[in-house]
Amino acid sequence: MYSERINKLPPYLFAAIDEAKEKIIKKGIDVIDLGVGDPDMPTPDHIIQALYRSAKNPKRHRYPSYIGMLSFREAAAKWYKDHFGIDLDPVTQVLALIGSKEGLAHAPLAFLNSGDIALVPDPAYPVYKIGTLFADARPYSMPLLEKNGFIPDLEAIPKDIVKQARLMFLNYPNNPTSATVPEGFFNEVVEFARENDIIVIHDNAYSEMTYDGNIAPSFLQADGAMDVGVEFHSLSKTYNMTGWRIGFAVGNAQIISGLGKIKTNVDSGAFEAIQEAGIVAMQGPQDCINEMREIYTQRRDALMVGLKGLGIKVQPPKATFYIWAPVPKGYDSTSFSKLLLEEAGIVATPGIGFGDYGEGYIRFALTQSVDRINEAVKRMEQLTI
Ligand SMILES: *Cc1c(COP(=O)(O)O)cnc(C)c1O
């Protein structure tokens, strides 16, 4: 009944975890969910108020423009100028998305022919690989190894693979490893992309979710990046707006236009009232970002205590709301996550769910209050491993 492309899909990990979690909840166990990377805090009120206002305007009820309202694209361009010092033409270099996942999933359709290769980090957010498979193209895994700071080794990609590659996905600050990009790496990527005629797609969903004064760069700040690539951005994590489905892509005008062509033919744009709320998010008070950073810092530090108690050695992350921890000896990522769930009622995501190179790790999302994380830590202390 299903297409080959559906049959090729790996099992959706979070569905299996949800099932295991439901079983434990049915037994009456209080579960602390550090699984899915979805902020638990509400969208700031001034953004919600903007949606109310805009939703009442009948002009906003009609089909939106495919590429996004000009006012939204201008706000995104200004946000990029303010945050990264990058000049963007809102008309040709900005495209509104129904969440960045939507754009990331559609991008391969615009740039890959059947059989072409996309260079995909492993472990990674699953959409890069799946979008590639949906375009009947071939994902090639670039391992993100701890010894390399979870940065792909471009030199290690075989020459014949590079020749067939048309696209490269990157994501820093990184989900799931929480790695940040070392200085100079994006320049190396630009050079590699130029030499080998590869389009770079950088996913910058976590640019604002940083700790200890760390600043995450934009890929577009690298010299020549605008010639070879685009950056995907999302309001989801920065403004606690995952449910709203609004994001955007910025960068090279030709690439933006290619993605726009796909989108014009499959969707009809994001609800304009949500775009107007997005404008308010980007142009309104930004204190919510610092508040978010403080909250996640406290949570991170609380969970670090528990991991240390378990004998798990991991550096506190500089960005993202994830802790990517090696599993203790004698376990793999699946058996350790099973132990945490069944013996401590803690949900965490086994690294294997993010790719073969995620094996040996487990991802904790800091999406519970400090109190709940402290409770998780207490339970971890009672585990025998
Ligand atoms: C959460 C996340 C996104 C954001 O997706 P939206 O569709 O904008 O909500 C994008 N990339 C990564 C790596 C993420 O973890």
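Here the structure is a predicted model, which means the values were calculated and not measured.

On to the environment of Ala270. If you trace the backbone, Ala270 turns up in the loop between α10 (253-266) and α11 (272-283). Residue classification places Ala270 among the buried residues on the basis of a relative accessible area of 8%. A C-alpha to C-alpha distance of 6.8 Å links Ala270 and Leu97, two positions 173 residues apart in sequence. Not counting the four nearest positions on each side in its chain, Ala270 is found in contact with Pro64, Leu97, Ile98, Ile246 and Gln275.

This part covers the nonpolar core. Core analysis: the largest hydrophobic core is formed by 103 residues, its most contacted members being Leu119, Tyr239 and Phe364. The biggest single contributor to this core is helix α12 (residues 287-309), with eight residues. For Leu119, the contacting residues outside a window of four places in its chain are Tyr140, Met142, Ile157, Ile161, Ala165, Leu167, Met168, Phe169, Phe192 and Ile198. Membership of the second largest hydrophobic core comes to 22 residues, among which are Leu95, Val127, Ile199 and Ala249.

So, about the site of the ligand. Close to the ligand lie 14 residues; Asp203, Tyr206, Ser236, Lys237 and Arg245 are nearest. Asp203 places a polar side-chain atom, nitrogen or oxygen, 2.6 Å from a nitrogen atom of the ligand. In this structure, Tyr206 approaches the ligand through a side-chain N or O atom, which is 2.6 Å from an oxygen atom. Here the ligand, which alone exposes 390 Å², has 95% of that area covered by the protein. Classifying every residue of the shell around the ligand gives four nonpolar, six polar and four charged.

Here the focus is the pairing of strand β2 (residues 94-97). On any regular strand, side chains alternate: one points to one face of the sheet, the next to the other face. A two-sided burial pattern is seen for β2, the buried positions comprising Val94 and Ala96 on one face and Leu95 and Leu97 on the other. Here four bridges tie β2 to strand β8 (residues 247-251), and the two strands are oriented antiparallel to one another. Paired with Ala96 across the two strands is Phe248, which belongs to β8.

For the protein, the assigned domains are domain 1 (4-42 + 287-381) and domain 2 (45-283). With 29 residues of domain 1 at the contact, the number on the domain 2 side is 31 residues. For the pair domain 1 and domain 2, the two sides together bury roughly 3,100 Å², of which 61% comes from carbon and sulfur. Area buried by domain 1 at its contact with domain 2 is led by Lys318, Thr320 and Tyr357, which between them contribute 20% of it.

What follows concerns the pairing of strand β12 (residues 361-365). Within β12, five of the five residues are buried, leaving the element largely enclosed by the surrounding structure. Residues Tyr361, Arg363 and Ala365 line one face of β12 and the alternating positions Ile362 and Phe364 line the opposite face, and both faces are buried. Here strand β9 (residues 322-326) pairs with β12 via five bridges, running antiparallel. Its bridge partner being in β12, Pro326 is matched across the sheet by Tyr361. One ladder, built from two bridges, connects strand β11 (residues 349-350) with β12; its direction is antiparallel. Bridging across to β12, Thr349 finds its partner in Arg363.

Calculation rules
- Residues numbered from 1 in each chain as written.
- Predicted model: local features only at pLDDT ≥ 70, side-chain atom pairs only at ≥ 80, totals over all residues.
- Heavy atoms only, no water.
- Helix = DSSP H or I, 4+ residues; strand = E, 2+ residues; numbered from the N terminus.
- Buried < 20%, exposed > 50% of the residue type's maximum accessible area, 1.4 Å probe, protein only.
- Contact = heavy atoms within 4.5 Å.
- Core = buried A, V, L, I, M, F, W, Y, C linked by side-chain atoms within 4.5 Å.
- Near = heavy atom within 4 Å.
- Polar contact = N/O pair within 3.5 Å; in protein donor to acceptor, adjacent residues only side chain to side chain.
- Areas by Shrake-Rupley, 256 points an atom, 1.4 Å probe, with all protein chains shown as cover.
- Nonpolar A, V, L, I, M, F, W, Y, C, P; charged D, E, K, R; others polar.
- Pairing = 2+ DSSP bridges.
- Domains from an automatic or database assignment.
- Buried area = accessible area lost by both parts, 1.4 Å probe.

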